[in-house]
Amino acid sequence: MHAIIIREPGGPEVLTWTEVPDPEPRPGEVIVDVAASAVNRADLLQRAGGYPPPAGASPYPGLECSGTISALGEGVTGWRVGDRVCALLAGGGYAEKVAVPVEQLLPVPIDLTEAAGLPEVACTVWSNLVPVGRLRAGETVLIHGGGSGIGTFAIQFAKALGARVITTARRTKHAALIALGADQVIDYTDEDFVEAMIGKADVILDIQGASYLDRNLQALAPNGRLVIIGMQGGRRTELDLGKLMAKRASVAVTALRSRPPEEKAQIVQGVRDEVWPLLESGAIRPVVDRTVPMDQAAHAHEIVAQNLHIGKVLLVVGQ
Ligand SMILES: NC(=O)c1ccc[n+]([C@@H]2O[C@H](COP(=O)([O-])OP(=O)(O)OC[C@H]3O[C@@H](n4cnc5c(N)ncnc54)[C@H](OP(=O)(O)O)[C@@H]3O)[C@@H](O)[C@H]2O)c1
């Protein structure tokens, strides 16, 4: 098969479409013939040498894919060769074939290519807004980076839960985010979000980390929950515990990729039970900015690095 390899840590130009050995399914795994994968922010970090794959994971980038099952490993039940699936991966999505533990498979009720961009955002958003953030109908959620893959999914999911949704994004993305259901969009480039949000956010889904911590604490409502999933604004800063104590607030910081397989399986099951019905009913739809041939993954990384996209940039095999 062919896969995108990272020749050495560096810029997009180090991504190279190369012939590599086919994967073999281990017990409990299936082989998926990949239709498409999607670019995630973490892939840019991995390419630059800052986010190595966890032990045992494929060395090729790609945290999700869609495709068709072409082989079953020992002991696999409940799935058949020919099933259309999408999958949460610890790596290896930028390839023509990938081995996937069955617990990380989801059925595909929509267009197969578009489904490639769903597993990572659905699993990240559901696990952080529901079990961790405990977001409930009638509450207010602040979602930073509304135009991202994560943000475009989180806006729709939080609306479907019955929450009031405020999000941050640069102005060129506002109309698209309102169309997805956001009640208010704040242009973080010329407005301090805390002025609009002080004491109002029951839950905050944050991708900036250190640079937003103090202002996020100010934006939290009493009993608020700040859930940090990204560190685009740095990892080290001071935390004023008094601000948390005064509001009886909490801060959680989570990562999906490094979770053990049992936890990933629980999250995928939660997504299948609570998110997939919303996809089937059309309450949530995949937001695809554009598709790029997989062998041109370097071009896709350039687009994402410049934040030109809204939603997901997909990498399509054989396009
Ligand atoms: N912990 C986890 O398990 C997990 C899983 C998946 C993703 N993530 C993280 O979630 C984040 C989004 O991932 P993605 O793949 O969806 O990213 P993405 O599509 O590449 O989007 C990144 C976004 O960051 C926004 N942004 C940049 N500076 C900002 C600021 N100061 N305030 C608000 N937004 C800002 C950009 O929007 P503008 O164009 O509006 O600037 C852009 O939409 C990343 O940090 C990623 O590492 C974490």
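The numbers attached to residues start from 1 for each chain and follow its sequence in the written order. Side-chain atom pairs in this predicted model are given and counted only at pLDDT of 80 or more, local residue features only at pLDDT of at least 70, and totals for whole chains, interfaces and linings cover all residues. With hydrogens and water excluded, all non-hydrogen atoms of the structure serve as input to the side-chain values.

Here we look at the sheet that holds strand S12 (residues 220-228)
A strand pair is defined by DSSP finding two or more bridges across the two strands. Strands are runs of DSSP state E lasting at least two residues, helices are runs of H or I lasting at least four, and both sets are numbered from the N terminus onward. Taken together, the 6 strands give an open sheet; going across it, the order is S10-S9-S8-S11-S12-S13, and neighbouring strands pair in parallel fashion. The sheet is open, and its two borders are formed by strand S10 (184-186) and strand S13 (250-253), each paired with just one other strand. Strand-to-strand twist in this sheet, taken as the mean axis angle between neighbours without regard to direction, amounts to 15 degrees. In the packing of helix H2 (residues 119-132) onto the sheet, contacts are made with strand S8 (140-143), strand S11 (201-206), S12 and S13, and the angle to S11 comes to roughly 150 degrees. Packed on one face of the sheet, helix H3 (residues 149-161) meets S8, strand S9 (164-168) and S11 and runs near 170 degrees to S8. Orientation is described by lines fitted to C-alpha atoms, with helices fitted over the stretch in contact, and by angles between N-to-C directions that extend from 0 to 180 degrees. Any two residues whose heavy atoms approach within 4.5 Å are treated as being in contact.

Here we look at the pattern of salt bridges
The working definition used for a salt bridge is a side-chain nitrogen of Lys or Arg within 4 Å of a carboxyl oxygen of Asp or Glu. Scanning the entire structure with this criterion turns up 12 salt bridges. With its nearest N and O atoms 2.9 Å apart, the salt bridge here joins aspartate 33 to lysine 97. A residue pair is termed long-range when its members are at least 10 positions apart, and aspartate 33 in strand S3 (residues 29-38) and lysine 97 in strand S6 (residues 97-101) qualify at 64 residues. Relative accessible area serves as the criterion here: at 29%, aspartate 33 is assigned to the partly exposed category. Burial classes follow relative accessibility: with a 1.4 Å probe on protein chains only, a residue under 20% of its type's maximum area counts as buried, one over 50% as exposed, and anything between as partly exposed.

Side note on the packing of H2 against helix H8 (residues 261-274)
As a packed pair, H2 and H8 sit with axes 9 Å apart at the nearest point and diverge in direction by 90 degrees. Considering their axes alone, H2 and H8 lie roughly perpendicular with respect to each other. Residue-level contacts link Ala122, Cys123, Trp126, Ser127 and Val130 of H2 to Ile267, Val268, Gly270, Val271 and Glu274 of H8. Partitioned by chemical class, the residues of the contact of H2 with H8 number 7 nonpolar, 2 polar and 1 charged. Should an angle lie under 35 degrees it is considered roughly parallel, over 145 roughly antiparallel, and from 65 to 115 roughly perpendicular; all remaining angles are considered oblique. Gly is put with the polar residues, along with every residue not named as nonpolar or charged; the nonpolar set is Ala, Val, Leu, Ile, Met, Phe, Trp, Tyr, Cys and Pro, and the charged set is Asp, Glu, Lys and Arg.

Concerning the site of the ligand
The environment of the ligand is formed by 26 residues, the closest being Arg41, Lys173, Tyr188, Tyr212 and His309. Measuring from an oxygen atom of the ligand, one finds a side-chain N or O atom of tyrosine 188 at 2.3 Å. Elements represented by at least two residues in the shell around the ligand include exactly H2 and H3. A breakdown of the residues in the shell around the ligand according to their chemical character gives 9 nonpolar, 13 polar and 4 charged. Counting the residues that make up the shell around the ligand, at least three belong to each of domain 1 (2-118 + 286-316) and domain 2 (122-253). When we say a residue is near a molecule or strand, we mean one of its heavy atoms is within 4 Å of it. Think of a polar contact as two N or O atoms within 3.5 Å of one another; within protein, one of them needs to be a possible hydrogen donor and the other a possible acceptor, and neighboring residues in sequence only count if both atoms come from side chains. The source of the domain bounds is an automatic or database domain assignment.

As for the UniProt feature "domain: Enoyl reductase (ER)" (unreviewed entry) in the chain
The UniProt record marks residues 10-315 with the feature "domain: Enoyl reductase (ER)" (unreviewed entry), using the residue numbering of this structure. End-to-end, the C-alpha atoms of residues 10-315 are 20 Å apart, and along that stretch the chain is 29% helix and 25% strand. UniProt positions are given in the numbering used here, feature names are shortened, and annotations may be inferred rather than shown by experiment.

Structural notes on H2
Over its 14 residues, H2 runs 18 Å from end to end, which matches the ideal 20 Å to within 8%, given 1.5 Å per residue. The buried fraction of H2 is high, at 11 of 14 residues. Of the positions making up H2, those classed as buried are Pro119, Glu120, Val121, Ala122, Cys123, Thr124, Val125, Trp126, Ser127, Asn128 and Leu129. Positive phi shows up at arginine 134, right after H2, with a value of about 50 degrees. How far a helix is expected to stretch is found by multiplying one less than its residue total by 1.5 Å.

Some points on the side chain of aspartate 187
Looking at where aspartate 187 falls in the secondary structure, it is placed in the loop between S10 and helix H5 (193-197). Under the relative-accessibility criterion, aspartate 187 is labelled buried at 3%. One polar contact links aspartate 187 to arginine 171, side chain to side chain, over a distance of 3.5 Å.

Focus on the pairing of strand S14 (residues 288-293)
Each regular strand shows side chains that alternate between the opposite faces of the sheet. Sheet topology note: the S14/strand S15 (residues 312-316) ladder contains 5 bridges and is parallel. Bridge pairing in S15 links threonine 291 to leucine 314.

Points about the domain arrangement of the chain
Domain boundaries in the chain define domain 1 (2-118 + 286-316) and domain 2 (122-253). Distance from the C-alpha centre of domain 1 to the C-alpha centre of domain 2: 28 Å. Each partner contributes residues to the interface: domain 1 has 10 residues there, and domain 2 has 14 residues. Buried area: the accessible area, evaluated with a 1.4 Å probe, that two parts lose upon being put together, summed over both parts. Buried area between domain 1 and domain 2, summed over both chains or domains, comes out near 880 Å², and the portion from carbon and sulfur atoms is 61%. Considering only the side of domain 1, the residues that lose the most area to domain 2 are Leu118, Val287 and Ile310, jointly responsible for 48% of the buried surface there. Counting every contact that joins domain 1 to domain 2 gives 0 salt bridges.

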